[in-house]
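Spelled out from the first residue to the last, the chains are:
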Amino acid sequence: MTTLKSYVCDRWVAGEGRPATLVNPSTEEAIAEASSEGVDFAAALAHARDVGGPALRARTFAQRGEMLRAMAQALHAKRDELLDLAMLNGGNTRSDAKFDIDGATATLTAYADLGQSLGDARWLTDGEPVALGRSSRVSGQHILTPRAGVAVHINAFNFPAWGTAEKAAVALLAGMPVISKPATATALVAWRLTELLVDSGAMVPGSFSLIAGSTGDLLDRLGAQDVLAFTGGGSTGTMLRSKVNLLAASTHVNVEADSLNGAVLGPDVERGDDTWTLFLTDVARDLTQKTGQKGTAIRRVLVPRDQLDAVREDLMDRLSVTKVGNPQSEGVTMGPVATASQLRDVRAGIEKLVADCATVHTGGAGALQGIGAPEGRGYFVAPTLLSVEHGAAADAVHTHEVFGPVATLVPYDGAAEAVALVRRGGGGLVTSVYTEDRAFAAEVIVGIAPFHGRVTVANAKVAGAWFGPGTVLPQLLHGGPGRAGGGEELGGLRGLGLYLQRTALQGYGPFVDHIVASAKRP
Ligand code: NAP
């Protein structure tokens with residue numbers, strides 16, 4: 001049994017007390033344990049603030065970028081080992097595991113490249129200088145400098161590598177030290193990748209810490225110069241952002257939460273054409289990849305009413321070849337959900353949708369024996385396709401996220417109804433529109449954009465060069481308004497904004513020019 005330690009104050013610390021047990025979700029066997037009880041969180045914060053922060057801020061963007069590149073290389077060198085751990089602890093297929101591990105190295109590398117392009121500066125200007133008043137003697141310039149505290153990152157269970165790396169890459173490049181807390185149930189990958197990073201010597205002392213277990217009193221100790229970035233369930237996010245000390249100190253908090261992502265098939269798309277195929281591929285992939293446990297996965301499939309039967313038949317055909325089981329077994333294409341509580345939540349969620357007028361076409365909440373899993377063991381759910389007759393009358397499909405291999409077909413009549421139904425999600429990470437019809441695309445996109453952090457529009461023209469809406473790219477924003485938490489991550493340079501204070505600098509023009517000469521004007 002592996003014991004996960006926390007890495008704080010540049011050393012490994014074993015937890016005390018009764019540890020949490022990490023299991024293999026395909027077999028329910030215990031594989032590791034973790035506890036952070038007894039970790040001195042005050043010392044961890046002080047070390048990050050006093051050692052990591054100054055050391056990072058003394059380095060240029062290019063040097064911080066080089067650190068990120070060395071981190072990416074250290075992880076890539078042990079890619080196979082990390083893939084195996086993701087399969088073991090996350091129930092990932094090898095392909096799912098690659099999505100997580102390679103996503104981590106790709107995001108670190110993207111921010112390494114950004115660091116290189118920002119060069120020798122340590123902070124940034126924002127916008128152009130402006131002449132103030134009637135004379136040209138006084139001018140103003142917005143500047144962005146790294147906050148002087150710690151970035152605390154709390155991640156969801158589904159992407160232990162990518163989640164850790166995408167948040168860390170941005171904070172470290174901005175010049176803030178990181179204390180990262182993976183979800184305990186799937187922390188094996190994040191713990192091992194931290195070991196690899198530490199052993200590689202890539203990281204500036206004090207710049208990265210890992211909490212294996214709960215956060216203890218860490219969050220109660222955060223103040224005005226710190227940042228909290230959270231990914232997980234909406235209710236956890238609401239509870240964390242409501243902490244009195246965070247509100248009192250105006251601590252910057254970023255929340256990435258639930259999302260009822262949509263996919264809208266345009267009325268112009270005909271069965272069997274390339275856009276139709278792309279749409280089916282994206283929906284089927286999102287339903288089964290990571291066993292549907294992606295914050296960006298398509299949950300609501302909006303289809304012109306007269307195409308509902310055809311889409312249902314074609315999707316069921318695609319889903320029928322899914323082999324659910326232990327990813328270690330030959331031929332398995334979808335693993336279990338990650339934990340026993342996930343299994344309970346997914347089953348209860350399907351039942352909730354069914355109780356609120358959804359019909360099950362394939363799958364459902366029943367028990368499933370996974371291929372290659374011990375009899376009656378493992379957290380398996382069949383890929384589940386539901387439909388509702390009238391999207392406007394249904395409620396749960398627009399409000400209850402089932403975080404598993406589940407999607408619901410929702411018929412619509414006309415662009416205005418498609419927009420209204422998508423908006424019922426109350427704010428999401430991404431919705432995708434599949435059409436060649438520019439007028440339809442424009443009406444739907446303008447209608448749904450205020451409700452989303454990202455909108456994708458797909459058709460035959462992008463087939464072959466298409467990432468699918470479920471893939472989060474470092475160049476583009478990740479996050480969304482409302483239910484999705486109101487957060488923003490990544491988006492290239494934009495992502496650094498969470499970790500940088502914007503300040504309006506005003507004064508005698510030549511003084512201001514002299515001071516900002518050492519900043520990078522992006
Ligand atoms: P969760 O139960 O909310 O947990 C998320 C993280 O918060 C875990 O690391 C958890 O730690 C931690 N946490 C829970 N209570 C805490 C507390 N009182 N103080 C400090 N930390 C606390 O969510 P999950 O089950 O891991 O993830 C599933 C949810 O995440 C889904 O609802 C999904 O929509 C959402 N999600 C969103 C995105 C996105 O990008 N928007 C991406 C992925 C997932 P422990 O594990 O130790 O409890």
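Just so it is clear, the model here is predicted, and its values are computed rather than measured. (Residues numbered from 1 in each chain as written. Predicted model: local features only at pLDDT ≥ 70, side-chain atom pairs only at ≥ 80, totals over all residues. Heavy atoms only, no water.)

So, about the packing of aromatic side chains. Scanning the entire structure with this criterion turns up seven aromatic pairs. Ring plane angle 55 degrees and centroid distance 4.9 Å describe the contact between Tyr-7 and Trp-12, whose orientation is recorded as tilted. Consider the rings of Phe-279 and Tyr-434, whose centres lie 5.1 Å apart with planes at 70 degrees: the pair is edge-to-face. Highlighted residues: Phe-279 in helix 9 (residues 274-288) and Tyr-434 in strand 18 (residues 428-434), separated in sequence by 155 residues. Its relative accessible area of 0% is what places Tyr-434 among the buried residues. A connected cluster of aromatic rings, assembled from ring pairs, spans Phe-99, Phe-159 and Trp-162. Over the ring of Phe-159 we find Lys-290; its NZ or CZ atom is 4.4 Å from the centre of that ring. (Phe/Tyr/Trp six-rings, centres within 6.5 Å; stacked < 30°, edge-to-face > 60°. Helix = DSSP H or I, 4+ residues; strand = E, 2+ residues; numbered from the N terminus. Buried < 20%, exposed > 50% of the residue type's maximum accessible area, 1.4 Å probe, protein only. Lys NZ or Arg CZ within 6 Å of the ring centre and 35° of its normal.)

For the coordinates displayed, the defined rule picks out 22 salt bridges. Residues Arg-377 and Glu-28 are paired through a salt bridge, measuring 3.9 Å at the closest nitrogen-oxygen approach. Here Glu-28 lies in the loop between strand 4 (20-23) and strand 5 (30-34) and Arg-377 lies in the loop between strand 15 (358-362) and strand 16 (384-388), a separation of 349 residues in the sequence. Note on Glu-28: relative accessible area 25%, which makes it partly exposed. The shortest N-O distance in the salt bridge between Lys-243 and Asp-220 comes to 3.1 Å. (Salt bridge = Lys/Arg side-chain N within 4 Å of Asp/Glu carboxyl O.)

Here we take up the domain arrangement of the protein. Splitting the protein by domain gives domain 1 (2-257 + 487-518) and domain 2 (261-475). On a C-alpha basis, the centroid separation for the pair domain 1 and domain 2 is 31 Å. Contacts between the two partners involve 28 residues from domain 1 and, on the opposite side, 33 residues from domain 2. Across the contact surface, domain 1 and domain 2 share one salt bridge. Where domain 1 touches domain 2, the interface holds eight residue pairs in polar contact (both at pLDDT 80 or more). (Domains from an automatic or database assignment. Contact = heavy atoms within 4.5 Å. Polar contact = N/O pair within 3.5 Å; in protein donor to acceptor, adjacent residues only side chain to side chain.)

What follows concerns the nonpolar core. The biggest cluster of nonpolar side chains holds 67 residues, and the ones touching the most others in it are Leu-4, Leu-68, Met-71, Tyr-111, Leu-496 and Tyr-499. Those residues within four positions of Met-71 in sequence are excluded, and the remaining contacts are Leu-108, Leu-172, Leu-197, Ala-202 and Met-203. In this structure, Ala-358, Val-397, Val-410 and Val-433 belong to the second largest nonpolar core, which totals 30 residues. (Core = buried A, V, L, I, M, F, W, Y, C linked by side-chain atoms within 4.5 Å.)

Close contact between helix 4 (residues 94-118) and helix 5 (residues 160-174) brings their axes to 7 Å; oriented N to C, the two are set at 10 degrees. Taken together, helix 4 and helix 5 sit at an angle that is classed as roughly parallel. Residue-level contacts link Asp-100, Ile-101, Gly-103, Ala-104, Thr-107, Leu-108, Tyr-111, Leu-114 and Gly-115 of helix 4 to Pro-160, Ala-161, Trp-162, Ala-165, Glu-166, Ala-169, Val-170 and Leu-173 of helix 5. Per-class residue counts for the contact of helix 4 with helix 5 are twelve nonpolar, three polar and two charged. (Axes fitted to C-alpha atoms, helices over the stretch in contact; angles between N-to-C directions. Parallel < 35°, antiparallel > 145°, perpendicular 65-115°, else oblique. Nonpolar A, V, L, I, M, F, W, Y, C, P; charged D, E, K, R; others polar.)

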